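Fold and contact review
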Amino acid sequence: MRVESSNSGLGPRRMSRARRGAAVGVSLAALAAGATTGAGPASAQPKNAPAPAADCSAAYRIEQKLTGGTTWRMCWRYDGKAGLVLEKISYQPKGETKPIKVLNSARLGQIHVPYDDGSVEYDDLTGFGFAQGLMNLDPGECPGGTIKTVKVPEAWQDPNVKGLCTTTRARGHAYRMQGDTANKVYQAQSKDLLVYTVNQVGWYEYMTEWRFQDDGTVTMNVGATGSLSYDDYDAGDGRGWPIGKGDRAKATSHSHNVFWRLDFGLDGSTKNRVEQYDSTVTAPAAGDRAPKTKTTVTKVGKELAGDAKAYRWWRMVSATGKNKDGHARSYEIVPGATTKYPGRSFTKHDVYFTEYDKCEKFATNNPGCGNGHPKSVDKWVGGQALKHPITWMNVGFHHIARDEDQQPMPVHWQGFSIVPRDVTAMNPLTPSELAWQNGHWQPRS
């Protein structure tokens, strides 16, 4: 059975994905009590350096010192539409006397779900109660970590949900290098700080995962799991896939277009610069042994709707901070695998850089601005100068169901990373024996 969708969040949804409980109300944010995890503030500091001042109370602080000596610090809160919001995120590798500020805030910006048969599309964050669907986590889902209690705004049932996991998880090799004398192997195994929640929308359960590595990389993923909707088995040819015996019932195909909103605050400043890099490869000229590749930089001074392609990348550059080599600190944006959805104007680009506007909170169906203000991120790119740039990443997944999606559905992931570029002068995990090999080094006799 199908019903018309509603952009207000108060109307009905396709019955197979309908929510049990009351309709979602309008509420911006709430904080919840919970325990901290990991080492205390002083544990990550050199012996003579004072501990950094706390940016939030202990109940809302996440702090973890990883095995490589890196400490991540951040605050958290829970928003009535966006769900988990991480704020005041800093990174302090060994050898740095104080935390390096990376992000003012990081959170989801929307999950847009259009169905292939054209009958419905959903904005799960602003239209269909994503935040109110926060799920209680079993202790086995957060091995070795802490499950924090979250107070959910406008909750349909008990507002106190044991729904935020902070833990560490093995990542494998951080590096491996064998010396030229073949008698020494340098290698290290790494762990990540993992922060995640699970939110149910209809039959889907979204795992929103944030991974903080000891080398400064941050990876943002959303995993969709749960169940295929039992009512959505009426797709026509080319709109779905037969599930179960024979070719009679076809599960309707659909897309998950996930947006993230990042507000960088490198070295504590919002006045970051955006740069785009493009490389071109030319055929070998006479006398050349191989093709040549040249990389050029374009300074992005105004708002941009950007498209990822081979040999293109972007970085956010600190306006105030430099590493010990005198190079400007920056974070490179590394898009993940995506299926870009061409059906809507706001999903036609992979990344948007917009000037900060306090009302522009969600990439689509944005409810926070006044009358006349555009409702989607693509309409916010209007040529304004970037003085406080906001980054919006769009990563798509086209879900054509398969027999293996039942029952329950294996997690399918989509996401991207931000990677430090010149944040430190060397690999922050460099062993002490190799610390002298910075720059154009030569072997010692």
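Residues numbered from 1 in each chain as written. Predicted model: local features only at pLDDT ≥ 70, side-chain atom pairs only at ≥ 80, totals over all residues. Heavy atoms only, no water.

Take the confidence of the model for the protein chain next. Averaged over every residue, the pLDDT of the protein chain is 88; the share at 70 or more is 87%. pLDDT under 50 marks residues 1–51. Its contacts with residues more than four places away, or in other chains, come to 146 contacts. (pLDDT = per-residue confidence, 0-100. Contact = heavy atoms within 4.5 Å.)

Let us now look at the pattern of salt bridges. Scanning the entire structure with this criterion turns up 22 salt bridges. Salt-bridge contacts for Arg344 lead to Glu121; the nearest nitrogen and oxygen are separated by 2.4 Å. Within this pair, whereas Arg344 is found in the loop between strand S19 (328–335) and strand S20 (351–355), its partner Glu121 is found in strand S6 (residues 121–123), the two being separated by 223 residues in sequence. Take Glu121: its relative accessible area is 23%, and that puts it in the partly exposed class. Residue Asp288 is joined to Lys292 by a salt bridge in which the shortest nitrogen-to-oxygen separation is 3.7 Å. According to the relative accessible area criterion, Asp288 is partly exposed, its value standing at 30%. Lys292 gets classed as partly exposed once you look at its relative accessible area, which sits at 49%. Connected through salt bridges with shared partners, the residues Arg171, Asp192, Glu209, Arg211 and Asp214 form a single ionic network. (Salt bridge = Lys/Arg side-chain N within 4 Å of Asp/Glu carboxyl O. Helix = DSSP H or I, 4+ residues; strand = E, 2+ residues; numbered from the N terminus. Buried < 20%, exposed > 50% of the residue type's maximum accessible area, 1.4 Å probe, protein only.)

Formed by 67 residues in total, the largest nonpolar core has its most connected members in Trp72, Leu86, Phe212 and Ile418. With seven residues, the single largest contributor to this core is strand S5 (residues 100–114). Beyond its immediate sequence surroundings of up to four residues, Ile418 is in contact with Val102, Leu103, Gly216, Thr217, Val218, Met220, Leu262, Phe264, Tyr331, Glu332 and Ile333. Ranked by size, the runner-up nonpolar core spans eight residues in total, among them Phe259, Tyr352, Trp380 and Ile390. (Core = buried A, V, L, I, M, F, W, Y, C linked by side-chain atoms within 4.5 Å.)

What follows covers the environment of Tyr233. Along the polypeptide, Tyr233 turns up in the loop between strand S11 (218–226) and strand S12 (240–242). Placed ten residues apart in sequence, Tyr233 and Ile243 show a C-alpha to C-alpha distance of 8.1 Å. In this structure Tyr233 touches Leu228, Ile243, Ala249, Lys250, Ala251 and Gln406, once residues within four positions along its chain are discounted.

Turning to its location among the elements, Arg315 is positioned in strand S18 (residues 312–322). One polar contact links Arg315 to Tyr277, side chain to side chain, over a distance of 3.3 Å. Side chain to side chain, Arg315 and Ser330 meet in a polar contact 3.0 Å long. (Polar contact = N/O pair within 3.5 Å; in protein donor to acceptor, adjacent residues only side chain to side chain.)

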